[in-house]
Amino acid sequence: MSEHDSSDRFGGQPGPAASADPAMVERAKGALMLRLGVGSPEALGLLLAWSRTANTDVGHLSEVLVRGLCRGDRDVVRAEPLLLRWLETRLRAMDSS
């Protein structure tokens, strides 16, 4: 795998620099704001940090968060089990801190 390869370890989505659906990112921010009691800038910062850590597009991460974790969309659950588990772990770690 070359250093310029943009695929990630969670499903081959483009890296964080790829374009994101602004509406889905806003939904994910809202979910984090509600769940964690943080403001909009903090929620966006968290999404961006997680996107970098997971090496996946922030739009894709947002979609998995909203559709997979919040809505329980079976298609997303089947397609992205590793990313879903990774997000759940991050959210649980934040609850305990």
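See the structure above.
About the cut-offs
- Residues numbered from 1 in each chain as written.
- Predicted model: local features only at pLDDT ≥ 70, side-chain atom pairs only at ≥ 80, totals over all residues.
- Heavy atoms only, no water.
- Axes fitted to C-alpha atoms, helices over the stretch in contact; angles between N-to-C directions.
- Helix = DSSP H or I, 4+ residues; strand = E, 2+ residues; numbered from the N terminus.
- Parallel < 35°, antiparallel > 145°, perpendicular 65-115°, else oblique.
- Contact = heavy atoms within 4.5 Å.
- Nonpolar A, V, L, I, M, F, W, Y, C, P; charged D, E, K, R; others polar.
- Phe/Tyr/Trp six-rings, centres within 6.5 Å; stacked < 30°, edge-to-face > 60°.
- Buried < 20%, exposed > 50% of the residue type's maximum accessible area, 1.4 Å probe, protein only.
- Lys, Arg positive; Asp, Glu negative; His and termini not counted.
- Salt bridge = Lys/Arg side-chain N within 4 Å of Asp/Glu carboxyl O.
- Polar contact = N/O pair within 3.5 Å; in protein donor to acceptor, adjacent residues only side chain to side chain.

Peer 1: In this structure, what is going on with the packing of helix 3 (residues 58-70) against helix 5 (residues 81-96)? I would like to understand it.
Peer 2: For any two helices packed against each other, the geometry is given by the interaxial angle and the distance between the axes. One way to put it is that helix 3 packs onto helix 5 with a least axis distance of 10 Å and a crossing angle of 85°. Classified by the angle their axes make, helix 3 and helix 5 are roughly perpendicular. Across from His60, Leu61, Val64, Leu65, Gly68 and Leu69 in helix 3, the residues of helix 5 making contact are Leu83, Leu84, Trp86, Leu87, Glu88 and Leu91. Grouping the constituent residues of the contact of helix 3 with helix 5 by class yields nine nonpolar, two polar and one charged.

Peer 1: Explain the packing of aromatic side chains to me, please; I cannot follow it from the model alone.
Peer 2: Centre distance and the angle of the planes are the two values used to describe a pair of aromatic rings. Across all of its chains, the model carries one aromatic pair by this definition. Geometrically, the ring pair formed by Trp50 and Trp86 is edge-to-face, given 6.4 Å between the ring centres and 80° between the ring planes. On the criterion of sequence distance, the pair formed by Trp50 in helix 2 (residues 40-54) and Trp86 in helix 5 is long-range, its members being 36 residues apart. What makes Trp86 buried here is its relative accessible area of 9%.

Peer 1: What is the right way to read the environment of Ala43 from this model?
Peer 2: Assignment of secondary structure puts Ala43 in helix 2. Since its relative accessible area comes to 0%, Ala43 is described here as buried. Considering only alpha carbons, one finds Ala43 and Ala28, 15 residues apart in sequence, at a separation of 8.3 Å. Once you skip the residues sitting within four places of it in the chain, Ala43 turns out to touch Lys29, Leu32, Met33 and Val38.

Peer 1: What is the right way to look at the side chain of Asp57 in this model?
Peer 2: By the element assignment, Asp57 lies in the loop between helix 2 and helix 3. Among buried charged residues, Asp57 stands out as having no salt bridge; its nearest opposite-charge side chain is Arg52, 12 Å away. A polar side-chain atom of Asp57 sits 3.2 Å from the main-chain amide nitrogen of Gly59.

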